[in-house]
Amino acid sequence: MKGKILVTGGAGYIGSHTVVELQNAGYSVVIIDDLSNSTADSIDGIERITGTRPVFVKLDCNDLDGLRNLFASHPDIKGIIHFAASKAVGESVQKPLLYYRNNLNSLINLLDLMPQFDIKNIVFSSSCTVYGEPDVNPIDETAPVKPAESPYGNTKQINEEIIKDFVRSGADIKSIILRYFNPIGAHPSAELGELPNGVPQNLVPYITQTAIGVREQLSVFGDDYNTPDGSCIRDFINVVDLAKAHVIAIDRMLEDKSQDKVEIFNLGTGRGVSVLELINVFEKVSGTKLNYKIVARREGDIEKIWADPKHANNVLGWTAKENIDDTMNSAWKWQLKLREKGIM
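About the criteria used
Residues numbered from 1 in each chain as written. Predicted model: local features only at pLDDT ≥ 70, side-chain atom pairs only at ≥ 80, totals over all residues. Heavy atoms only, no water. Helix = DSSP H or I, 4+ residues; strand = E, 2+ residues; numbered from the N terminus. Rg over C-alpha atoms; globule rule 2.2 N^0.38 Å. Buried < 20%, exposed > 50% of the residue type's maximum accessible area, 1.4 Å probe, protein only. Contact = heavy atoms within 4.5 Å. Areas by Shrake-Rupley, 256 points an atom, 1.4 Å probe, with all protein chains shown as cover. Lys, Arg positive; Asp, Glu negative; His and termini not counted. Charge placed at Lys NZ, Arg CZ, Asp CG, Glu CD. Disulfide = S-S within 2.5 Å. Core = buried A, V, L, I, M, F, W, Y, C linked by side-chain atoms within 4.5 Å.

**Q** I would appreciate a short explanation of the overall build of the protein in the present structure.
**A** A tally of regular secondary structure across the protein gives 11 helices and 13 strands. Over its C-alpha trace the protein gives a radius of gyration of 19 Å, about what one expects of a compact globule, namely 20 Å for 344 residues. Across its three principal axes, the protein shows a C-alpha extent of roughly 55 × 45 × 40 Å. Here the protein, with 344 residues, has 56% of them falling under the buried criterion. For the protein, the proportion of contacts with a sequence separation of at least 24, taken over those separated by at least 6, is 80%. By element, 48% of the accessible surface of the protein is carried by carbon and sulfur atoms, the whole surface being about 14200 Å². Side chains of the protein carry 36 positive and 45 negative charges; the gap between the two charge centres is 2 Å.

Have a look at this one:
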């Protein structure tokens, strides 16, 4: 085994896919997750795909004493991948205190404990929302971090600053900050995918749940943006591609290849796809007509943003490989599998 990695939020959507890739790469994994927006069923999915069941502890990262006990129980942890966070833009506008409390305290607790347990490496799950409404697209890592459009985006900005300040203070840690664009899709086995608790806050699970009849209708927030079809444009990246970047980041830190104490990389495809274009792709690959309507713009949404991923391509040797058709087809296969199981 290469070493033991702690994955916070590892039962969640991106976390569970990353655990698969970590285990496939020879790491052992400890997952902590409070299951507030996930299910322990994903642990079964990880085991079915990899043949190995990761250690799972139900724990909230805001529980400092619980975290301390966990680290004491696993003194051989070599690095942390920190996913655990509240993550919906729209919800964060309605519940800002929940987002600040959850997203900031969880990181602070981890950083507080890392030196005490001689853990020197942390990969932080950040977001392209830190760029706000960009002046130009595609956007690279030198673009200015702008005032956030939502409390969610602001928590990512603040967390990045917390990490930088902690390192600047002399803390003996390294961090790779990965700024995601828009992860979508599911594992090709259909054993893992995106299954939020309650009403989905993200676009693709709402699309698939509408197509299968769980949701009555999909709302498209605005068709009057300055884009070719009037709907928002995003850089949609396959979740497995995204997961693999985390393994490369952990490898890089443990092998001491990182040149700086804090490194930042954009993870995207380099291509912008509009909401309406994504709906069209889904209808094509699924053979299902989607019931959707255009509604007013949603507060906190950015008009258009997509990545310039060259820095990650060149330095990490990572590239997004899956195309949008296959990615949307994987999401639909996952939804059909859920129906077969009687889950949704």
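Past the structure itself, the notes keep going.
**Q** Before we go on, may I ask you to explain the state of the cysteines in this structure?
**A** What we call a disulfide is simply a covalent bond connecting the sulfur atoms of a pair of cysteines. What the rule picks out here adds up to zero disulfides. The closest cysteine sulfur to the non-disulfide-bonded C128 is located on C232, 12 Å from its own sulfur. Residue C128 is classed as buried on the basis of its relative accessible area of 5%.

**Q** Mind showing me how you'd approach the nonpolar core here?
**A** Generally speaking, nonpolar side chains in soluble globular proteins are found buried as a group. If you look at the biggest cluster of nonpolar residues, it comprises 34 residues, and the most contacted ones within it are L22, L178 and L267. Where this core is concerned, the elements lending two or more residues are β1 (4-8), α1 (13-24), β2 (28-33), α2 (41-50), β6 (174-180), α8 (239-254), β11 (262-267) and α10 (310-316). With eight residues, α8 is the single largest residue contributor to this core. If sequence neighbours within four positions are ignored, L267 has contacts with L178, R179, Y180, F181, I237, L242, A245, A312 and W318.

**Q** For this particular structure, what's the right way to read the environment of T288?
**A** Relative to the helices and strands, T288 resides in the loop between α9 (275-286) and β13 (292-295). Distance from T288 to A211, taken between C-alpha atoms, is 6.7 Å for residues 77 residues apart in sequence. Apart from residues no more than four positions distant in its own chain, T288 is found in contact with A211, E283 and W332.

Note that every value here comes from positions in space, so none of it alone points to a role or purpose.
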